[in-house]
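Given next are the chains, with one letter for each unit.
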Amino acid sequence: MVRLHVKRDDESQFLLEAAGSTRLADLAPLVARIYNGRLKVQRLCSEMEELAEHGVFLPYNMQGLTDEQIEELKLKDEWAEKCVPSGGSVFKKDEIGRRNGHAPNEKMQQVIKKTIEEAKALISKKQVQANVCVNMEMVKDALDQLRGAVMIVYPMGLPPHDPVRMEFEDKEDLSGTHAGLEVIEESQAQLWWAGKELKETKLLSDYVGKNEKTTIIVKIQKKGQGAPGREPLISHEEQKQMMLYYYRKQEELKKLEEDDDDSFLNAEWADNHALKRQFHGVKDIKWGPR
């Protein structure tokens, strides 16, 4: 299996294995699917952290309003009584005004937070350093874990307008957001390797050869964005190590120069003839006028 080190721009994303006989028309959408799935897990983890801290999402017409304004406008959150966390809630006001403040108790918060950590670990970029390949099954597993945690803490479900529920139901609206810019539609995904566009009409082996143990760095782009920047000759980490090495070398040379300093030879105590001149009585003779 050919190992693909997938990057977006210069940032590592994940490792993926694919047979050399894989059609690039199938490979590019698969890479995009995993890439987008990881983004979904990250968005869910971010929203679930807020869910654990401040409870469910307020209706859009109540968000950002003070208690006085809500009372004056006679607004009511109809979902507050329906979506109560298991074991009761603890009030913790959301200063941003997006959530109702009725957070789960400490035990249920830990259920959510622990699951978030496990899901993040499954799709983490650190898996690249650990040489662990990520596939769509792992992404689905992370999503299932997060969904299970929400069902445990909120057995009655979440409001239909809550971002967590919308993500699980694939109804999230990312238009006009930075998160939306990060997503790459499967039909718009384009892979690049060594400055070459991997044509959808070809096989992976047409570019990397028949060696199934090859590891290559591919970059995912949206179609029409042009070629991504080439890989630097040395990585950022290697550059840091080289700079550290030369800095230490320079410090060592400075120390050696200090150790080789022979200016002490001009000192009086280092004069080999001082004792002889003292016996002859010619010490401290000055030839100039007094």
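For the structure, check the block above.
Bear in mind the structure is a predicted one, so any value in this text is a computation, not a measurement.

1. Digging into the overall build of the protein
Then comes step 1: From N to C terminus, the protein includes ten helices and seven strands.
Then comes step 2: The principal-axis extents of the C-alpha atoms in the protein amount to approximately 110 × 65 × 35 Å.
Then comes step 3: For the protein, the exposed surface amounts to about 18800 Å²; the carbon and sulfur share of it is 52%.
Then comes step 4: If you average the places of the 44 positive and of the 51 negative side-chain charges in the protein, the two averages end up 4 Å apart.

2. So, helix α3 (residues 106-122)
Then comes step 1: Over its 17 residues, α3 runs 25 Å from end to end, which matches the ideal 24 Å to within 8%, given 1.5 Å per residue.
Then comes step 2: At its buried positions, α3 is contacted by α1 (24-54), β4 (102-104), α4 (126-129) and α5 (136-153).

3. Here we look at the environment of E78
Then comes step 1: If you trace the backbone, E78 turns up in the loop between α2 (67-73) and β3 (89-91).
Then comes step 2: The spatial distance from the C-alpha of E78 to the C-alpha of P59 is 8.7 Å, given a sequence separation of 19 residues.

4. So, the packing of α1 against α5
Then comes step 1: Two elements in contact, α1 and α5, have axes separated by 9 Å at closest approach and are oriented at 20 degrees. Considering the angle they form, α1 stands roughly parallel to α5. Note that α1 runs across α5; the crossing there is left-handed. Where α1 abuts α5, its residues R33, I34, G37, R38, K40, V41, L44, C45 and M48 lie against M136, V139, A142, L143, L146, A149 and V150.

5. Some thoughts on a nonpolar patch on the surface
Then comes step 1: Together, I234, M242, Y245 and Y246 make up an exposed nonpolar region whose accessible area comes to about 420 Å².
Then comes step 2: Inspection of the secondary structure assignment puts Y245 in helix α9 (residues 236-259).
Then comes step 3: The class for Y245 is partly exposed, based on a relative accessible area of 47%.

6. Some words on the packing of α3 against α5
Then comes step 1: Packing of α3 against α5 brings their axes to within 9 Å, and their N-to-C directions diverge by 175 degrees. The orientation of α3 relative to α5 falls into the category roughly antiparallel. Residues M108, V111, I112, T115, I116, E118, A119 and L122 of α3 form the contact with α5, whose own contacting residues are M138, D141, A142, Q145, L146, A149, I152 and V153.
Then comes step 2: Considering only residue class, the contact of α3 with α5 consists of twelve nonpolar, two polar and two charged.

7. Re the sheet that holds strand β7 (residues 215-222)
Note on sheets: strands pair through backbone hydrogen bonds, and any given pair is parallel or antiparallel.
Then comes step 1: The strand order across the open sheet formed by five strands is β2-β1-β7-β5-β6, and the pairing between neighbours is mixed. Each end of this open sheet is capped by a strand with a single partner; those strands are β2 (11-18) and β6 (196-197).
Then comes step 2: Here strand β1 (residues 2-8) pairs with β2 via seven bridges, running antiparallel. Bridge assignment links K7 to a residue of β2, and that residue is S12.
Then comes step 3: In the packing of α1 onto the sheet, the strands contacted are β1, β2, β5 (189-193) and β7, and the crossing angle to β2 comes to about 130 degrees.

8. A word on the packing of aromatic side chains
Then comes step 1: Applying the stated criterion to the full structure yields two aromatic pairs.
Then comes step 2: Relative to Y60, the ring of F57 lies with its centre 6.2 Å away and its plane at 80 degrees, an arrangement referred to as edge-to-face.
Then comes step 3: Taking relative accessible area as the criterion, Y60 reaches 54% and is therefore assigned exposed.
Then comes step 4: Taking the centre distance of 5.3 Å and the plane angle of 75 degrees together, the rings of Y245 and Y246 count as edge-to-face.
Then comes step 5: Directly above the aromatic system of W79 lies the positively charged group of K82, at a separation of 4.6 Å from the ring centroid.

How each quantity is defined
For every chain, the first residue of its written sequence is number 1, and the numbers climb from 1 along that sequence. Since the coordinates come from a predicted model, pLDDT governs what is reported: local features require at least 70, and pairs of side-chain atoms require 80 or more to be given and counted, while whole-chain, interface and lining totals use all residues. Heavy atoms throughout the structure, all of them, feed into the side-chain values; hydrogens and water do not. Numbering goes from the N terminus for both helices and strands, where a helix is a DSSP run of H or I of at least four residues and a strand is a run of E of at least two. Only the protein chains shown count as cover for residues, and the accessible areas themselves come from Shrake-Rupley with a 1.4 Å probe. In this count, Lys and Arg are taken as positive residues and Asp and Glu as negative ones, while His and the chain termini are left out. By convention, the point assigned to a charge is CZ for Arg, NZ for Lys, CD for Glu and CG for Asp. Expected helix span is computed as 1.5 Å times (number of residues minus one). Two residues form a contact once any of their heavy atoms are found within 4.5 Å. Orientation is described by lines fitted to C-alpha atoms, with helices fitted over the stretch in contact, and by angles between N-to-C directions that extend from 0 to 180 degrees. Working definition: roughly parallel below 35 degrees, roughly antiparallel above 145 degrees, roughly perpendicular at 65 to 115 degrees, and oblique for all remaining angles. Each crossing is labelled by how the near helix is turned from the far one, with a counterclockwise turn of less than a right angle marking it left-handed and a clockwise turn marking it right-handed. Patches here are clusters of residues that have more than 30% relative accessible area and form no salt bridge, with a 9 Å joining cutoff for like charges and a 5 Å cutoff for nonpolar side chains (Val, Leu, Ile, Met, Phe, Trp, Tyr). The term salt bridge refers to a pairing of a side-chain nitrogen on Lys or Arg with a carboxyl oxygen on Asp or Glu at a separation within 4 Å. The rule is simple: take the accessible area with a 1.4 Å probe, protein chains only, and divide by the maximum for that residue type; under 20% is buried, over 50% is exposed, in between is partly exposed. Three residue categories are used. Nonpolar comprises Ala, Val, Leu, Ile, Met, Phe, Trp, Tyr, Cys and Pro, charged comprises Asp, Glu, Lys and Arg, and polar comprises the others, including Gly. A pair of strands is labelled paired if DSSP reports no fewer than 2 bridges between them. Here the aromatic set is Phe, Tyr and Trp, taking the six-membered ring for Trp, and pairing holds for ring centres within 6.5 Å; pairs whose planes are under 30 degrees apart are stacked, those over 60 apart are edge-to-face, and all others are tilted. Whether a charge sits over a ring depends on NZ of Lys or CZ of Arg being within 6 Å of the ring centre and within 35 degrees of the ring normal.

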